[in-house]
Amino acid sequence: IPEDMGISEDMLKKTMEHPCYNCAGHKNARIHLPVAPACNVQCNYCVRKFDCPNESRPGVTSSILTPEEALERYKIVKAKLPNLTVVGIAGPGDSLADNYPQVKRTLELIREYDKDVTFCLSTNGLMLPFYAKELVSLGVTHITVTMSAVDPKISGKIYQYVKYMGGIYEGDAAGAIMVSNQLSGLRLLLAEGIICKVNIVTLKGINEQHIPEVVRTCKEMGVYITNIMQMVPVKGSAFENLPLVSNLEIGKLRTECGTIMKQMLHCRQCRADAIGTLDNDLSLDLAGFTVEEKR
Ligand code: SF4
Ligand code: SF4
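- An unreviewed UniProt entry lists the protein chain under the name FeMo cofactor biosynthesis protein NifB, with Anaerocolumna chitinilytica as the source organism.

1. Quick notes on the site of ligand 1
- Taken together, the neighbourhood of ligand 1 is formed by Cys39, Val41, Gln42, Cys43, Cys46, Cys52, Pro53, Asn54, Gly91, Gly93, Asp94 and Asn124.
- Taken together, the residues that form the shell around ligand 1 break down as six nonpolar, five polar and one charged.

2. Notes on the sheet that holds strand S6 (residues 159–164)
- Read across the sheet, three strands follow the order S2-S6-S7 without closing on themselves; strand pairing throughout is antiparallel. With partners counted over all chains shown, the strands left at the sheet margins are strand S2 (41–43) and strand S7 (167–169), one partner each. On average, each strand axis in the sheet is inclined to that of its neighbour by 20 degrees, with strand direction left out of account.
- Looking at chain direction, S6 and S7 are connected through three bridges and run antiparallel.

3. Some words on the site of ligand 2
- By nearness alone, every residue bordering ligand 2 is listed as Cys20, Arg30, Glu55, Gly88, Cys267, Arg268, Gln269, Cys270 and Leu278.
- Looking at the shell around ligand 2 residue by residue, the classes come out as four nonpolar, two polar and three charged.

4. Quick notes on the packing of helix H2 (residues 67–80) against helix H3 (residues 100–113)
- Here H2 crosses H3 at 40 degrees, and the two axes come no closer than 8 Å. The orientation of H2 with respect to H3, classified from their angle, is oblique. Regarding H2 and H3, the two cross each other, and that crossing is right-handed. Judged by residue contacts, Pro67, Ala70, Leu71, Tyr74 and Lys75 of H2 engage Gln102, Arg105, Thr106, Leu109, Ile110 and Tyr113 from H3.

5. A closer look at the sheet that holds strand S5 (residues 140–146)
- Judged by pairing direction, the sheet is mixed, and its eight strands sit side by side in the order S9-S8-S5-S4-S3-S1-S10-S11 without closing on themselves. Of all strands in the sheet, those bounded by a partner on one side alone are strand S9 (225–230) and strand S11 (280–281).
- Taken together, the four bridges between strand S1 (residues 29–32) and strand S3 (residues 84–89) define a ladder with parallel strand orientation. Pairing of His32 across the sheet is with Gly88, part of S3.
- Contacting strand S8 (195–202) and S9, helix H7 (residues 211–221) runs over the sheet at an angle of about 175 degrees to S8.
- Sitting on the sheet, helix H8 (residues 247–258) touches S8 and S9, and the angle it makes with S9 is about 170 degrees.

6. Quick notes on the environment of Gly166
- Along the chain, Gly166 turns up in the loop between S6 and S7.
- A tally of 5 C-beta atoms within 10 Å means that Gly166 is categorised as exposed.
- Separated by 63 residues in sequence, Gly166 and Met229 have C-alpha atoms that sit 31 Å apart.

7. Let's talk about the pairing of S9
- Looking at chain direction, S8 and S9 are connected through six bridges and run parallel. Among the inter-strand pairings, Ile200 is bridged to a residue of S9, identified as Ile228.
- For the handedness criterion, the β-α-β arrangement of S8, H7 and S9 is classed as right-handed.

8. Section: unusual backbone geometry
- A cis amide bond links Gly91 to the next residue, Pro92, at an omega of 20 degrees.
- Here Pro92 shows up in the loop between S3 and H3.
- A positive phi angle, near 50 degrees, is found at Met165, a position not held by glycine.
- Relative to the helices and strands, Met165 is located in the loop between S6 and S7.

About the thresholds
- Residues numbered from 1 in each chain as written.
- Chains lettered and ligands numbered in written order.
- Predicted model: local features only at pLDDT ≥ 70, side-chain atom pairs only at ≥ 80, totals over all residues.
- Near = placed C-beta within 6 Å.
- Nonpolar A, V, L, I, M, F, W, Y, C, P; charged D, E, K, R; others polar.
- Pairing = 2+ DSSP bridges.
- Helix = DSSP H or I, 4+ residues; strand = E, 2+ residues; numbered from the N terminus.
- Axes fitted to C-alpha atoms, helices over the stretch in contact; angles between N-to-C directions.
- Parallel < 35°, antiparallel > 145°, perpendicular 65-115°, else oblique.
- Left-handed = near helix turned anticlockwise from the far one by under 90°.
- Contact = placed C-beta atoms within 7 Å.
- Buried ≥ 20, exposed ≤ 12 C-beta atoms within 10 Å, placed from the backbone.
- Right-handed = clockwise from strand over helix to strand, strands pointing away.

Have a look at this one:
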């Protein structure tokens, strides 16, 4: 961890124990609680009936839990996995969209039960300026924002539409809202000492040349780590036929951007209900508690 980041001792400990923020944390387990099915944007690579591919691999739709069910799941899994150190909210939609009250309640219930577990959350960043302070007071210490461009014109090509403050925006206007809110939300979090990760989805012909600029922007702001990801092609999405960048190209981008700042190289693009260590997903074994489909 770069010394100049000024991370507090407590945050450092949590970060070292977080399997996604530090390789040294690989023995620790995390649980994703799928309490947020709604989304406020439409990414061109996403089909909503699957998990949010910004953070989670699509393929199996997660069951949606109520906050009370999420607490029950946490209690059961915690009893079975003593190495569980992180509770994450990763959709399956966006954590800060219409289901945010359920996200908030889930975190409150778990914090009443467990004072120490690390809270981690991922978002597309649209509503981050509104909720950043509240997330800090809820005890969330690690936040991932998917921000695949910092140029509104490029960002505008990623979203089919953005629903914001009663309006629906497309193209450059959508891109301008997203970039502005992602950056200002990140700045608010970073000012509070939150450890931030930025996911960057590599989209051939759209942002691959622009990614080093995204990473430089993250570095300048004080983001802890960036995660350059492959797009997960989803049948039926607008980018269904967009060619993928090769693994070699992703590798080159990561190497180039690794000279700018720390890169995540071990993301598994986990499900929104993932449980266990990154190497051993136990969600199918352990998540058979609550299965009401509410999407
Ligand atoms: Fe899909 Fe996630 Fe984008 Fe929402 S933020 S449209 S769930 S990829
Ligand atoms: Fe960690 Fe990536 Fe899985 Fe999120 S999707 S829990 S960042 S490995």
